[in-house]
Amino acid sequence: MFSSFMMNSWIVASMVAIVAGLVGFFVVLRGATFAAHALPLGTFPGEAASLLGVNQLFGLAGAAILGVAGISLLARRQRNEVATALTLITLLGLGTLFLSLSSQYAQGVYALLFGEVLGIGADQVLPVALISLAALSAILLLFRPLLLSAVSEDLSAVRGAPPGLIDLLFLSIVGLTTAMALPVVGALLVFSLMVGPASAARAMSARPLPAMLLSAAIALGMAWASMALSYLSNWPVGFFVGTLAALAYAIGRGWSRMTRIGHQPRQSPGLA
Amino acid sequence: MSWIFAEGFFTSAPVQTALLVGGGAAVVSAVAGVFTIIRGQSFAGHALADVSSAGGSAAFLFGINPLLGFLSMAVLSALVMEGFGAKRAAERDLLTGIVLGAGLGLTALLLYFDVSARGTAGAAIAVMFGSMFAIAPGIVPLALGIGLGALVVIGLLYRPLLLCALNPDIAAIRGVKVRLVGLAYLLVLSLAVTLSAMTIGAILSTALLIGPAAAALRLARRPGVAIALAVLIGLGACWGGILLAYDSYDWTPGHGWPVSFFIVSLIFLAYLATGLAAPRRAPAGG
């Protein structure tokens with residue numbers, strides 16, 4: 001399990017999990033679950049284009065940028081979730097086309113959608129590390145504005161941060177994270193890694209910083225457990241990620257129900 | 001005419017099945033889609049379709065009717081989503097996301113079994129991207145029956161559905177059982193997405209659900225008119241897509257372009273066109 005060809009996978013998966021856990025905290029806080037699902041899935045045409053010979057990282061980044069731009073532009077005229085859905089279907093339609101033009105039809109699609117954690121090469125470690133670093137520093141820089149605008153858009157606007165801009169920056173961070181995580185867990189399940197741990201962490205701590213760190217820790221544990229289980233059983237890693245995310249969510253809900261007995265309901269959930 | 005309708009378009013049996021089932025899926029999805037957008041449940045509609053793919057892969061694995069596979073999984077997840085339902089929209093989305101993640105994980109596992117146990121490598125493609133021209137003719141009556149059932153339920157619930165969507169408090173005061181209506185609606189939604197998941201595939205069925213309805217709602221504010229427009233757009237895109245995909249065998253010899261791509265493109269064009277045609281007004285926030 002820890003032989004040399006697996007080491008890259010462990011390193012990359014760990015970085016992906018930590019970033020996904022941290023970003024996921026804001027995804028859950030801002031109620032951006034659909035966007036967090038649509039952006040990874042929307043990078044699918046980028047992956048599919050790489051089957052046609054386009055550089056994988058460029059393809060992914062291009063699709064992520066299209067996704068972020070599409071959601072932000074359409075959201076001016078539409079409800080947020082409708083904008084997200086429209087962007088998603090357009091990108092998926094493109095992906096279908098690219099996929100059908102490539103010859104690696106059936107083989108490729110499975111790996112694209114559900115990930116191929118065992119096949120990570122040494123050349124993928126550095127790009128992932130750099131993108132993780134970029135995503136982490138973006139979160140640190142935007143920590144307060146992101147938090148504030150999640151709680152009150154008006155308050156945030158008064159303090160000089162236009163909500164549209166914050167949304168755009170936040171979506172870009174999510175897009176960055178997903179483009180990086182895609183080769184590891186696959187398009188369909190990146191967002192389980194973002195949403196599951198964060199939902200449990202939020203239930204366990206109402207204070208932002210501890211909840212964020214807890215979320216990253218749970219995500220890391222989840223990624224490691226999924227990889228180990230996948231290695232031992234030979235079943236797809238995505239199955240374990242999805243199941244463990246649901247488990248984390250269930251534990252979180254149970255936890256908040258237990259601790260609520262005997263306490264007064266909190267005044268403002270999410271922030272102390 | 002032969003440059004529009006390539007030879008054999010109207011006589012080919014797979015094409016007729018595709019037109020019939022695809023058209024049915026487009027109509028039901030368009031009608032359900034208008035309510036989905038008004039009720040703000042686009043994510044739920046998308047999630048149900050994705051999760052239903054687990055049922056589709058199970059059907060491949062056990063050799064049962066794929067329609068029943070898709071359908072039972074969609075209904076099951078609709079029950080879970082409503083059963084553990086949360087009041088606030090953000091929490092509802094979160095639960096939807098969790099169900100979606102778990103369901104897709106299950107899909108991954110079942111597809112893996114499909115590939116390793118039965119050697120059906122095409123299962124992933126068929127389930128995720130649909131197989132419009134490979135629908136078994138025997139499915140047609142069941143598929144159209146399901147579609148009709150969904151339309152009848154929507155017709156019966158028309159007023160309560162609208163009222164609950166616009167103002168749940170007033171609906172409750174007027175004696176509407178809001179949660180019951182919500183559950184019934186989710187079940188109808190799962191019927192609709194099942195049909196379209198069968199035809200254009202699980203991950204693209206959102207196109208038929210949200211696309212025509214979003215375009216129609218830009219033109220019309222009255223629900224009845226919007227529904228009629230959405231049906232027209234959906235049906236046009238679906239049939240147009242089938243036609244173009246059929247013709248595309250002639251463009252690139254021996255290799256057709258995917259139906260789903262054409263359907264999505266047509267829907268997107270319709271959406272852009274309605275944006276130009278729609279009267280300019282201040283964003284109404286809806």
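Every value quoted in this text rests on a predicted model; they were computed, and no experiment measured them. (Residues numbered from 1 in each chain as written. Chains lettered and ligands numbered in written order. Predicted model: local features only at pLDDT ≥ 70, side-chain atom pairs only at ≥ 80, totals over all residues. Heavy atoms only, no water.)

K.L.:
So what about the overall build of chain B? Which residues, and what values?
P.N.:
When helices and strands are counted, chain B shows 12 helices and 0 strands. Shown N-terminal to C-terminal, the secondary structure of chain B runs as helices and strands in the order α-α-α-α-α-α-α-α-α-α-α-α. For chain B, whose C-alpha radius of gyration is 19 Å, the value lies close to the compact-globule estimate of 19 Å for 286 residues. In terms of overall dimensions, chain B has a C-alpha envelope of 60 × 45 × 30 Å along the principal axes. Within the span of chain B, comprising 286 residues, buried residues form 57% of the whole. (Helix = DSSP H or I, 4+ residues; strand = E, 2+ residues; numbered from the N terminus. Rg over C-alpha atoms; globule rule 2.2 N^0.38 Å. Buried < 20%, exposed > 50% of the residue type's maximum accessible area, 1.4 Å probe, protein only.)

K.L.:
Pulling in residues and values, what's your account of the overall build of chain A?
P.N.:
Within chain A, the regular secondary structure consists of 13 helices and 0 strands. The order of helices and strands in chain A, counted from the N terminus, is α-α-α-α-α-α-α-α-α-α-α-α-α. If you take every contact in chain A between residues at least 6 apart in sequence, the share linking residues at least 24 apart comes to 79%. Surface accessibility of chain A: about 11400 Å² in total, with carbon and sulfur atoms responsible for 68%. (Contact = heavy atoms within 4.5 Å. Areas by Shrake-Rupley, 256 points an atom, 1.4 Å probe, with all protein chains shown as cover.)

K.L.:
Give me the lowdown on the packing of helix 6 (residues 140-156) of chain B against helix 9 (residues 178-200) of chain B, citing residues and values where you can.
P.N.:
All names here are of chain B. Across the interface, helix 6 lies against helix 9 with an axial gap of 9 Å and an inter-helix angle of 150 degrees. Classified by chirality, the crossing of helix 9 by helix 6 is left-handed. Contacts between helix 6 and helix 9 involve Ala143, Ile146, Gly147, Ala150, Val153 and Ile154 from the former and Val188, Leu191 and Leu195 from the latter. Residue classes in the contact of helix 6 with helix 9 are distributed as 8 nonpolar, 1 polar and no charged. (Axes fitted to C-alpha atoms, helices over the stretch in contact; angles between N-to-C directions. Left-handed = near helix turned anticlockwise from the far one by under 90°. Nonpolar A, V, L, I, M, F, W, Y, C, P; charged D, E, K, R; others polar.)

K.L.:
Pulling in residues and values, what's your account of the pattern of salt bridges?
P.N.:
All names here are of chain A. Summed over all chains, the structure comprises 2 salt bridges over all chains. A salt bridge links Asp167 to Arg30; the shortest N-O distance between them is 2.7 Å. Here Asp167, found in helix 10 (residues 163-185), pairs with Arg30, found in the loop between helix 1 (4-29) and helix 2 (33-42); they are 137 residues apart in sequence, far enough to count as distant. Under the relative-accessibility criterion, Asp167 is labelled partly exposed at 28%. (Salt bridge = Lys/Arg side-chain N within 4 Å of Asp/Glu carboxyl O.)

K.L.:
Give me the lowdown on unusual backbone geometry, citing residues and values where you can.
P.N.:
One non-glycine residue, Asn234(A), adopts positive backbone phi at about 70 degrees. Of note, Asn234(A) is situated in the loop between helix 12 (208-233) and helix 13 (237-260).

K.L.:
Run through the packing of aromatic side chains, naming residues and quoting values.
P.N.:
One pass over the full model with this rule turns up 12 aromatic pairs over all chains. Aromatic pair Phe35(B) and Tyr158(B): ring centres 5.9 Å apart, planes at 90 degrees, arrangement edge-to-face. Taken together, the residues Phe35(B) in helix 1 (residues 13-39) and Tyr158(B) in helix 7 (residues 158-166) connect sequence positions 123 residues apart. For Tyr158(B), a relative accessible area of 28% gives the class partly exposed. If you follow Arg30(A) out to its NZ or CZ, it ends over the ring of Phe170(A), 4.8 Å from the centre. (Phe/Tyr/Trp six-rings, centres within 6.5 Å; stacked < 30°, edge-to-face > 60°. Lys NZ or Arg CZ within 6 Å of the ring centre and 35° of its normal.)

K.L.:
Describe in detail the interface of chain A and chain B, supporting the description with residues and values.
P.N.:
The interface is formed by 50 residues belonging to chain A together with 51 residues belonging to chain B. Summed over both sides, the interface between chain A and chain B buries roughly 4400 Å², with carbon and sulfur atoms accounting for 74% of that surface. Between chain A and chain B we count 0 salt bridges in total. Remark: the boundary between chain A and chain B carries 7 residue pairs in polar contact (both at pLDDT 80 or more). With 15 residues, helix 5 (residues 80-101) of chain A is the largest single contributor of residues to the side of chain A that touches chain B. Taken together, the residues of the side of chain A that touches chain B break down into 31 nonpolar, 14 polar and 5 charged. (Buried area = accessible area lost by both parts, 1.4 Å probe. Polar contact = N/O pair within 3.5 Å; in protein donor to acceptor, adjacent residues only side chain to side chain.)

K.L.:
So what's going on with the packing of helix 5 of chain A against helix 10 (residues 205-219) of chain B? Which residues, and what values?
P.N.:
Put simply, helix 5 of chain A and helix 10 of chain B touch, their axes get as near as 10 Å, and they point 125 degrees apart. Classed by the angle they form, the pair helix 5 of chain A and helix 10 of chain B counts as oblique. Considering the relative orientation of helix 5 of chain A and helix 10 of chain B, their crossing is left-handed. Contacts between helix 5 of chain A and helix 10 of chain B pair Val82(A), Ala85(A), Leu86(A) and Ile89(A) from the former with Thr206(B), Ala207(B), Ile210(B), Gly211(B) and Ala214(B) from the latter. When its residues are assigned to classes, the contact of helix 5 of chain A with helix 10 of chain B shows 7 nonpolar, 2 polar and no charged. (Parallel < 35°, antiparallel > 145°, perpendicular 65-115°, else oblique.)

Geometric descriptors of this kind do not, in isolation, establish any biological role.
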